[in-house]
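# Commentary on secondary and tertiary structure
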Amino acid sequence: MPAETAPDVERLVEWIADVVDPSVTSVTISRMDGGHSSGAWRIDAFGAGGSLPMVLKAPELPSVVYGRDACREASIMAAAGKQGAPVPAVIAIDSEGRALDRACFLLEYVDGRSVPDTAPGYHAHGWLRDAGVAEQRAIWESFHDALAALHSIDASGISVASHGPHGLADVLEYWRDALLDAAPAEAVPRQLWALAWLKANLPAGANDAPGLCMGDARLVNGL
């Protein structure tokens, strides 16, 4: 782990003691595999109650995800969790950069086993390939069930889930800005035309029933 990206242990202990458990006096930190856009670390905090495992998500700045807002992400997860979505509990949100020099948040640690996130794919190598058809089917069906449960949440009850006050028009504007952040306009004329056409042809009632959607619905992201 590059030294410049590693959390400052003393600052982290001070913040966790303030917002989670005042008895915490030390932590251990280890960078987690995957989560290249999230900056994910496992944190073990030690206090009067023993060891408390947590996950610290602190996206690097600038992020590979356009307009990444860690606090907004955490607020959406917390609100969805209150409605019964199958997401880890949000323990604390640091919007002021107290623990690090950027926004971050703590999640409960969920014990489990992920699949390889490398080519040639989940079923081509690794433990899932050797798990057998029945276990593979159970894993995929549980993933689909989790997605269905997440997408059944009432998004109107999650105020921060919106990209802006103009509904889908703002969503399309976000994707336009994200596109132009990654490529010059002259390189993507068809994409820009398509986004402009979509914005000009939104159907009546398009904003009447907003829905929550997992932005990267891959098995590796559904522990």
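Within every chain, residues take consecutive numbers counted from 1 along the sequence as written. For this predicted model, a pLDDT threshold of at least 70 governs which residues receive local features, and a threshold of 80 or more governs which side-chain atom pairs are given and counted, while totals over whole chains, interfaces and linings are taken from all residues. Note that the side-chain values use all heavy atoms of the structure and ignore hydrogens as well as water.

Across its full length, the chain carries five helices and five strands. Secondary structure elements follow DSSP: runs of H or I of four or more residues count as helices, runs of E of two or more count as strands, with numbering from the N terminus. The order of helices and strands in the chain, counted from the N terminus, is α-β-β-β-α-β-β-α-α-α. Working rule for contacts: check all heavy atoms of both residues, and any pair within 4.5 Å makes them a contact. Long-range contacts, defined here as pairs at least 24 residues apart, represent 53% of the contacts in the chain between residues at least 6 apart. Note that accessible areas follow from Shrake-Rupley with a 1.4 Å probe, and for residues the cover is restricted to the protein chains shown. Just so you have it, the chain exposes about 13300 Å², and 55% of that area is on carbon and sulfur atoms. Of the side-chain charges in the chain, 16 are positive and 29 negative, and the distance between the mean point of each set is 5 Å. In this tally, Lys and Arg are treated as positive and Asp and Glu as negative; His is ignored, and so are the chain termini. For this purpose, a charge sits on NZ of Lys, CZ of Arg, CG of Asp or CD of Glu.

What follows covers helix H4 (residues 168-182). Expected span of a helix, by definition, is 1.5 Å for each gap between consecutive residues, and there is one gap fewer than residues. With 15 residues, H4 should cover 21 Å at 1.5 Å per step; its first-to-last C-alpha distance of 21 Å lies within 8% of that length. Relative accessibility decides the category of a residue: with a 1.4 Å probe and only protein chains considered, values under 20% of the type maximum give buried, values over 50% give exposed, and everything between is partly exposed. Those residues of H4 that fall on the buried side of the exposure criterion are Ala 169, Asp 170, Leu 172, Tyr 174, Ala 178 and Leu 179. If you follow the buried residues of H4, they end up packed against helix H5 (189-200).

Our focus in this paragraph is the sheet that holds strand E1 (residues 26-31). Note: strands within a sheet are paired through backbone hydrogen bonds, in either parallel or antiparallel orientation. An order of E1-E2-E3-E5-E4 is seen for the five strands of this open sheet, with the pairing classed as antiparallel. Looking at strand neighbours, the two that pair on one side only are E1 and strand E4 (90-94), the edges of this open sheet. When strand polarity is set aside, the average angle formed by the axes of neighbouring strands in this sheet is 25°. In this analysis an axis means a line fitted to C-alpha atoms, helices contributing only their contacting stretch, and an angle means the value between N-to-C directions, from 0 to 180 degrees. Taken strand by strand, helix H1 (residues 9-19) contacts E1, strand E2 (40-47), strand E3 (50-57), E4 and strand E5 (104-108), and its axis lies near 115° from that of E1. Seen against the sheet, helix H2 (residues 70-82) touches E3, E4 and E5 and runs at an angle of roughly 155° to E4. Paired strands are those between which DSSP finds at least two bridges.

Before going further, it helps to spend a moment on the nonpolar core. To form a nonpolar core, buried Ala, Val, Leu, Ile, Met, Phe, Trp, Tyr and Cys residues must be joined to one another through side-chain atoms within 4.5 Å. If you look at the biggest cluster of nonpolar residues, it comprises 17 residues, and the most contacted ones within it are Leu 12, Trp 15, Ile 16, Val 27, Ile 43, Leu 56 and Leu 106. Only H1, E2, E3 and E5 provide two or more residues apiece to this core. At four residues, the largest contribution of residues to this core is made by H1. Contact partners of Leu 56, with chain neighbours within four places excluded, come to Pro 7, Leu 12, Trp 15, Gly 39, Ala 40, Trp 41, Ile 43, Leu 100, Cys 104, Phe 105 and Leu 106.

Let's shift gears to H2. Between its first and last C-alpha, H2 extends 19 Å over 13 residues, near the 18 Å set by a 1.5 Å rise per residue. Listing the buried residues of H2 in full gives Ala 70, Cys 71, Ala 74, Ile 76, Met 77 and Ala 80. The elements touched by buried residues of H2 are E4 and E5. Polar contacts here mean pairs of N or O atoms no more than 3.5 Å apart (in protein, one a potential hydrogen donor and the other a potential acceptor; neighbouring residues in sequence count only if both atoms are side-chain atoms). Between the side-chain oxygen at the start of H2 and the backbone nitrogen of Cys 71 there is a gap of 3.1 Å, and the oxygen is on Asp 69. Within two residues after H2, Gly 84 carries a phi angle of roughly 100°, on the positive side.

Bringing the layout of surface pockets into the picture now. The pocket and cavity definitions rest on a 1 Å grid over protein atoms only: a 1.4 Å probe that fits but cannot leave marks a cavity, an open set with protein on both sides within 12 Å along at least five of seven lines marks a pocket, and residues lining either have an atom within 4 Å of a point. Grid points are joined across faces, edges and corners, and a volume is the space filled by probe spheres set on the points. Each pocket or cavity is described by its volume, and for the second largest pocket that value is around 160 Å³. Around the second largest pocket, the lining residues are Arg 113, Ser 114, Val 115, Trp 127, Ile 139, Ser 142, Phe 143, Leu 219, Val 220, Gly 222 and Leu 223. Throughout, the ten residues Ala, Val, Leu, Ile, Met, Phe, Trp, Tyr, Cys and Pro are labelled nonpolar, Asp, Glu, Lys and Arg are labelled charged, and all others, Gly among them, are labelled polar. Looking at side-chain class alone, the lining of the second largest pocket contains seven nonpolar, three polar and one charged residues.

A few words on the side chain of Asp 94. With respect to the helices, strands and loops of the structure, Asp 94 is situated in strand E4. Summary of buried charges: Asp 94 has no salt-bridge partner, and the nearest side chain of opposite charge, Arg 98, is 5.6 Å away. At 3.1 Å, the side chain of Asp 94 and the backbone nitrogen of Gly 97 are in polar contact. Not counting chain neighbours up to four residues away, the residues in contact with Asp 94 comprise Trp 15, Cys 71, Ala 99, Leu 100, Ala 103 and Cys 104. Salt bridges are counted wherever a side-chain nitrogen of Lys or Arg sits within 4 Å of a carboxyl oxygen of Asp or Glu.

Now for the packing of aromatic side chains. Between the rings of Phe, Tyr and Trp (Trp by its six-membered ring), a pair exists once the centres lie within 6.5 Å; its type follows the angle of the planes, with under 30 degrees stacked, over 60 edge-to-face, and the other angles tilted. Under the counting rule described, the total for this entry stands at four aromatic pairs. Consider the rings of Tyr 122 and Trp 140, whose centres lie 6.1 Å apart with planes at 45°: the pair is tilted. Of this pair, Tyr 122 sits in the loop between E5 and helix H3 (133-151) while Trp 140 sits in helix H3, and the two are 18 residues apart along the sequence. Between Tyr 174 and Trp 175, the ring centres sit 5.2 Å apart and the planes meet at 75°, which makes this aromatic pair edge-to-face. On the accessibility criterion, Tyr 174 (19% relative accessible area) is buried. Here the aromatic cluster, defined as three or more aromatic residues joined through ring pairs, consists of Tyr 66, Tyr 174 and Trp 175. Lying over the aromatic face of Tyr 109, Arg 42 brings its terminal NZ or CZ to 4.3 Å of the ring centre. Here, over-ring charges are defined by two tests on the NZ atom of lysine or the CZ atom of arginine: distance to the ring centre within 6 Å, and angle to the ring normal within 35 degrees.

This brings us to the environment of Arg 176. Mapped onto the elements of the fold, Arg 176 is located in helix H4. In sequence terms Arg 176 and Gln 191 are 15 residues apart; their C-alpha atoms lie 8.5 Å from each other.

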